[in-house]
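Listed below, chain by chain, are the residues.
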There are 2 protein chains.
Amino acid sequence: MFEIKEELLNEFAILAVEVGVNVQKGQSLLIQAPIEAYKYVRKCVEVAYKKGASKVMVDYVDGERTKLDYIYQNKETLCDIPKWQIEKLKQNIEDGYARLVIIGEDPDLLKGIDKEKVKEARIALLKAKQDYQYYSMNGVGQWAIVAYPNVEWAKKVFPEETADEAMNKLWDAIIKTSRCEIGKTKENWTKHSKEIHDHCDILNKYNFKKLHFKNSLGTDLTVGLVKGHIWSGGSETSTGKFKAEFQANIPTEEVFTMPDRQNIEGRVVTSKPLSYNGNIIQQFSLSFKNGSVVEYDASNNLEVLESILNSDEGSKSLGEVALISHNSPISNSNILFYDTLFDENASCHLALGACYPSTVKGGCEMTKEELLEIGGNDSINHVDFMFGSDDMEIIGETYDGQKIEVFKNGNFVF
Amino acid sequence: MFEIKEELLNEFAILAVEVGVNVQKGQSLLIQAPIEAYKYVRKCVEVAYKKGASKVMVDYVDGERTKLDYIYQNKETLCDIPKWQIEKLKQNIEDGYARLVIIGEDPDLLKGIDKEKVKEARIALLKAKQDYQYYSMNGVGQWAIVAYPNVEWAKKVFPEETADEAMNKLWDAIIKTSRCEIGKTKENWTKHSKEIHDHCDILNKYNFKKLHFKNSLGTDLTVGLVKGHIWSGGSETSTGKFKAEFQANIPTEEVFTMPDRQNIEGRVVTSKPLSYNGNIIQQFSLSFKNGSVVEYDASNNLEVLESILNSDEGSKSLGEVALISHNSPISNSNILFYDTLFDENASCHLALGACYPSTVKGGCEMTKEELLEIGGNDSINHVDFMFGSDDMEIIGETYDGQKIEVFKNGNFVF
């Protein structure tokens, strides 16, 4: 039977709570977790209290139950977000809380469920929470995402294995790509984060006007970068009531910045499937003109892609561009995780939808209108999709017209 | 390994949702459940939706995590009930929701935890919710409680058995005492509820002024009953937005009514341990004068008893008197469940604290002041304790001075 060693579970809790969300003395913490992870959650709660958290709250998510909601509730009920839920979010933000999200569910969970219902419910929830999105997006409060294995997910990743063996393999892959190692986790992350920060420094010095991506899959895309953009990655520091270094994504390999939403031209073809709200799109392509998607196609689930693009105006443009060397641990594992947290870190990626205000100078102090004015993007969505490959070439163009090679054969040249 | 047969789990979900809370078409349902019961919860959710529930919400409780809250949070934080939580309760009540509580936790959960902290946190929560207590207490919305086994609980009840064997035995005991039988559960409950209703009819016709309890354990107690009291038991009908027959306690054997809070004299000695908020009091006694506790003693955990009695004025008097024949399924099982839901139904019991307004004519329409005026009791508490025995004698006295034998050798005489 699949069982995780106590010691490793403890270390993984230290990773999530101390390295990831880095909850501070006197700060409250909300953990969102799949129901099957309750034993791991207890570990995280204890680590958080030992670090001095004032209060730890837990919201459990049960995918199987959510599915029943989608099957049996009508649209009106699904879209009616209770006021207390927004009240709760507001109060937690006033309180300066930190947020830890533990993911891990069946990538095919919502297969066969009415996609229109799912889409409308999702939009209703995002809209209800829209005014509070800044809290995590701007890094006001610390947040982090880690993964915990789930049988259906494990069987999707390792379909040939028994349930127990698949769980063992997935857990092993999570641990390794998350750089979790008994007694060494913190040190691993200090080193890793420094390497990412070094890459950011180089890119920030070049201060590119635009990047040109090209590979044999069919991608031939120019992405303008906003003036004053900042390449970010690795640990960040929260700006709110509690100033603390945190590591939002575990694992992470990316450096990322803010595209100019009106200055994207050409075509991008994805290189990995996108698992979105329980549906998988194997491959899709997007063509941009003046920064907006004008043509699109998908190998399957075209209506899911359409539902993303049609959510709002900002969903048709980009909010993030991220660079990851093809030679990186997740990519080298050759595992397709069917989960963005992992797969986006195996490959260069873009995101449809909202930008991260922290990726432009002064962005966190700008109003929405000011962000739009400088070329940032606003949306209820932020959907990452992967397009990196082993033959990706990236050329950066500076404001004085210099062309600098950034990627060759899928990897950073510096 | 302990595993429950799918078919029985389904039948037990039908018991909770159809017989117990009897959720109505278009009504929302909140399920409160221990985290370990999540597979059972899914069954309940599905039964509820198939019955036409508009929305099913689930609040999970994790005893082990709650314990960490008590260990690490300071009193101030523990007693600070977030506003959104009360907002949620209010919105659910406005919505006319039904509530299903699934219990099942370690009876010794809070052993060794600072009792003062637990008490203050408990009082803060009860006070915050006080204004909404009427919703269930008055039967405005349907509610029900069922039990689901938990390893620590099972090992407490069957300490000689292995964990798996103890779980099997506890589950078996829950199923049997809950009259759950594949394909026959609904029929069993229709019959059982009729028998209880018949007992109520007889007692209501006698319209006793007071009851006198006496046995060899040392109980010698006279409990006055309020004028216009109603003996209740078995199924009830909710009075709010949705009028529906519901079965609040599963299992249940009791008929119960409202004592006159100023007219209780003598001494009562408990016959079964009281498991209260994770602490067990083996035995205690209370002496009443003019309806109020004037002396008390306990074999252990005296401070737990004191914390109950000192919660507020109403905690020193009674809100319920309940009669159960010693010859009843739970009593005959000879199992001490260390849980009030079961143990109170093995034995005559009383409750310290709030009365049920529905147990007096017009009670549900009375203000708190009016209820107090007629002899009802008000409190943030409602704590049942058991005092029945195989030699319990009960004599009822009518308003015209007749003395009628109600119990002989522990059982109803009619």
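Just so it is clear, the structure is predicted and the values come from calculations on it, not from any experiment. (Residues numbered from 1 in each chain as written. Chains lettered and ligands numbered in written order. Predicted model: local features only at pLDDT ≥ 70, side-chain atom pairs only at ≥ 80, totals over all residues. Heavy atoms only, no water.)

Caption draft 1: Up close: a negative patch on the surface. On the surface, a cluster of negative charge is made up of A:Glu76, A:Asp80, B:Glu94 and B:Asp95. B:Glu94 sits in the exposed class, given a relative accessible area of 57%. (Patch = residues over 30% accessible without salt bridge, like charges linked within 9 Å, V, L, I, M, F, W, Y side chains within 5 Å. Areas by Shrake-Rupley, 256 points an atom, 1.4 Å probe, with all protein chains shown as cover. Salt bridge = Lys/Arg side-chain N within 4 Å of Asp/Glu carboxyl O. Lys, Arg positive; Asp, Glu negative; His and termini not counted. Charge placed at Lys NZ, Arg CZ, Asp CG, Glu CD. Buried < 20%, exposed > 50% of the residue type's maximum accessible area, 1.4 Å probe, protein only.)

Caption draft 2: Structural detail: the relation of the copies chain A and chain B. For the pair chain A and chain B, the best superposition has an RMSD of 0.0 Å and corresponds to a rotation of 180 degrees with a translation of 0.0 Å parallel to the axis. Here the symmetry operator amounts to a two-fold rotation axis. Closest to the rotation axis within chain A is the C-alpha of A:Trp84, separated from it by 2.7 Å. By residue overlap, the copies meet face to face through one surface: 100% of the interface positions of chain A are interface positions in chain B. (Least-squares fit on C-alpha atoms with pLDDT ≥ 70 in both. Contact = heavy atoms within 4.5 Å.)

Caption draft 3: Highlighting the side chain of A:Ser235. All names here are of chain A. Of note, Ser235 is situated in the loop between strand S6 (220-225) and strand S7 (236-237). Separated by 2.6 Å, the side chains of Ser235 and Glu245 make a polar contact. With sequence-adjacent residues up to four places away left out, Ser235 is seen in contact with Ser193, His197, Glu245, Phe246 and Gln247. (Helix = DSSP H or I, 4+ residues; strand = E, 2+ residues; numbered from the N terminus. Polar contact = N/O pair within 3.5 Å; in protein donor to acceptor, adjacent residues only side chain to side chain.)

Caption draft 4: Inspection of the packing of aromatic side chains at higher detail. All names here are of chain B. As enumerated under the stated definition, the model contains 34 aromatic pairs over all chains in all. Measuring from centroid to centroid gives 5.1 Å for Phe12 and Trp171, while their planes differ by 85 degrees, and the two rings are edge-to-face. You can see Phe12 sitting in helix H1 (residues 6-21) and its partner Trp171 sitting in helix H9 (residues 163-177), a full 159 residues away along the chain. Since its relative accessible area comes to 6%, Trp171 is described here as buried. Their ring planes at 65 degrees and their centres at 5.7 Å tell us that Phe256 and Tyr356 sit as a pair that is edge-to-face. (Phe/Tyr/Trp six-rings, centres within 6.5 Å; stacked < 30°, edge-to-face > 60°.)

Caption draft 5: View of the sheet that holds strand S15 (residues 318-323) of chain B. Residues and elements named next belong to chain B. Spatial ordering of the open sheet is given by S9-S15-S16-S17, a layout of four strands whose pairing is antiparallel. Sheet topology places strand S9 (255-257) and strand S17 (382-386) at the edges, where each strand pairs with a single neighbour. For this sheet the average axis-to-axis angle between neighbouring strands, irrespective of direction, equals 20 degrees. Sheet topology note: the S15/strand S16 (residues 349-353) ladder contains four bridges and is antiparallel. Opposite Leu318, over in S16, you have Leu352 as the bridge partner. (Pairing = 2+ DSSP bridges. Axes fitted to C-alpha atoms, helices over the stretch in contact; angles between N-to-C directions.)

Caption draft 6: The pairing of strand S1 (residues 28-34) of chain B, seen in detail. All names here are of chain B. Counting buried positions along S1 yields six of seven residues, so the element is predominantly enclosed. In this structure, S1 lies alongside strand S2 (residues 55-61), joined through seven bridges in parallel fashion. From the neighbouring strand, Ala33 faces S2, where its bridge partner is Tyr60. What joins S1 to S2 is helix H2 (residues 38-50), and the crossover it makes is right-handed. Pairing of S1 with strand S3 (residues 98-103), which is carried by four bridges, proceeds in the parallel orientation. If you follow Leu29 over to S3, its bridge partner there is Ala98. (Right-handed = clockwise from strand over helix to strand, strands pointing away.)

Caption draft 7: Expanded view of the sheet that holds strand S4 (residues 143-147) of chain B. All names here are of chain B. Pairing is parallel in the open sheet, where four strands are placed in the order S2-S1-S3-S4. Taken across any chain shown, the strands that pair with only one partner, and hence form the sheet edges, are S2 and S4. Here the strands of the sheet are splayed against their neighbours by 15 degrees on average, with no regard to which way each runs. Set on the sheet, H2 makes contact with S1, S2, S3 and S4; between it and S2 the angle comes to about 160 degrees.

Caption draft 8: Broad picture of the layout of surface pockets. As a volume, the second largest pocket reaches approximately 380 Å³. Elements that contribute at least two residues to the lining of the second largest pocket include exactly strand S2 (55-61) and helix H5 (83-94) of chain A together with helix H4 (75-79) and helix H5 (83-94) of chain B. In terms of residue count, the dominant contributor to the lining of the second largest pocket is H5(A) (three residues). Tallied by class, the residues present in the lining of the second largest pocket amount to six nonpolar, eight polar and six charged. (1 Å grid on protein atoms, 1.4 Å probe; cavity = no way out; pocket = protein on both sides within 12 Å on 5 of 7 lines; lining within 4 Å. Points joined across faces, edges and corners; volume = space filled by probe spheres on them. Nonpolar A, V, L, I, M, F, W, Y, C, P; charged D, E, K, R; others polar.)

By themselves, these observations are geometric and do not establish any function.
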